[in-house]
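Topology and contacts: notes
Take a look at the letters that make up each chain.
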Amino acid sequence: MTTFNKFFAAALLITAGLCANNRAAAQTSGPLFNEIAHADSLQFDAFNSRNLDKLMNYFDNSLELYQDNTGVRNFDQTKEAFGRLFKMDYVLTRKLVAGTMEVYPIKDYGAIETGHHTFSHIENGQLQSATFKFMQIWQKKDGVWRVTREITYGH
């Protein structure tokens, strides 16, 4: 191996090590995690109680919601879809799967929340439930957390 190749290989190893050390670690505790966990719980308390206006306060007007089985929706389309869902004969509830939530800070913006959640309802006397993956992009503006982007998948 030439001196240049040895130097290049060493530089690659050092760079890889620096990049690995600077990689943002998932937060599963701490102040930011606690803020997002609290916002998530309030958001889905509103969902579980079918309070459409309160629920929509957790979404920014610029919302883009991506769902693998329904496509892409904006704020108004999302509100309309939730409104239809809340008129169903059954009550759909959401529960965050314990231990799956991770939070990643977004510099000068907010945070990324990832995790798994289970949706359940009783239909024809039978419990129906399924667990899906999700990601929410939270923006903190004027001290208020709102979701600007959401991705839900695995349906």
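Right, let's walk through the structure included here. (Residues numbered from 1 in each chain as written. Predicted model: local features only at pLDDT ≥ 70, side-chain atom pairs only at ≥ 80, totals over all residues. Heavy atoms only, no water.)

**Describing the pattern of salt bridges**
Side chains carrying opposite charge are able to pair once their charged atoms draw close together. As enumerated under the stated definition, the model contains 6 salt bridges in all. R94 is the partner of D40 in a salt bridge, and the nearest nitrogen-oxygen pair spans 2.7 Å. Here D40 is found in helix α2 (residues 31-48), whereas its partner R94 is found in strand β3 (residues 93-96), with 54 residues between them in sequence. Looking at D40, the relative accessible area reads 2%, which means it is buried. (Salt bridge = Lys/Arg side-chain N within 4 Å of Asp/Glu carboxyl O. Helix = DSSP H or I, 4+ residues; strand = E, 2+ residues; numbered from the N terminus. Buried < 20%, exposed > 50% of the residue type's maximum accessible area, 1.4 Å probe, protein only.)

**So, the nonpolar core**
Counting residues in hydrophobic clusters, the biggest one holds 25 residues, and the most contacted among them are I36, F47, L55, F59, F82, V103 and W145. Put simply, the parts of the chain that give this core at least two residues each are α2, α3 (52-56), β1 (59-67), α4 (75-86), β5 (110-123), β6 (126-141) and β7 (144-153). In terms of residues, this core owes the most to one element, α2, which gives 7 residues. Contacts of F59, omitting those with residues within four sequence positions, involve Q43, F75, F82, Q136, R146, V147 and E150. (Core = buried A, V, L, I, M, F, W, Y, C linked by side-chain atoms within 4.5 Å. Contact = heavy atoms within 4.5 Å.)

**Some thoughts on a nonpolar patch on the surface**
A cluster of nonpolar residues, Y66, V72, I151 and Y153, forms a patch on the protein surface that exposes about 340 Å² of accessible area. Along the chain, I151 turns up in strand β7. A relative accessible area of 35% places I151 in the partly exposed class. (Patch = residues over 30% accessible without salt bridge, like charges linked within 9 Å, V, L, I, M, F, W, Y side chains within 5 Å. Areas by Shrake-Rupley, 256 points an atom, 1.4 Å probe, with all protein chains shown as cover.)

**Some thoughts on α4**
Its 12 residues give α4 an end-to-end C-alpha distance of 16 Å, which sits within 8% of 16 Å, the value for a rise of 1.5 Å per residue. Against the buried residues of α4 lie α2, α3, β1 and β2 (71-74). (Expected span 1.5 Å × (residues − 1).)

**Section: the pairing of β5**
Moving residue by residue along a regular strand, the side chains alternate between the two faces of the sheet. The element β5 is largely enclosed, with a buried count of 10 among its 14 residues. In terms of strand pairing, β3 meets β5 through 4 bridges, oriented antiparallel. The residue of β5 that forms the bridge with L96 is H117. Strand direction decides the pairing type here: strand β4 (residues 102-106) and β5, joined by 5 bridges, are antiparallel. Counted as the bridge partner of Y104 is I112 from β5. Turn length for the β4-β5 hairpin, with the two strands adjacent in sequence and antiparallel, is 3 residues, and the turn residue D108 shows positive phi of about 60°. Sheet topology note: the β5/β6 ladder contains 14 bridges and is antiparallel. When the bridges of β6 are listed, H116 appears paired with K133. Linking β5 to β6, which pair antiparallel, is a turn of 2 residues; within it N124 sits at a positive phi near 55°. (Pairing = 2+ DSSP bridges.)

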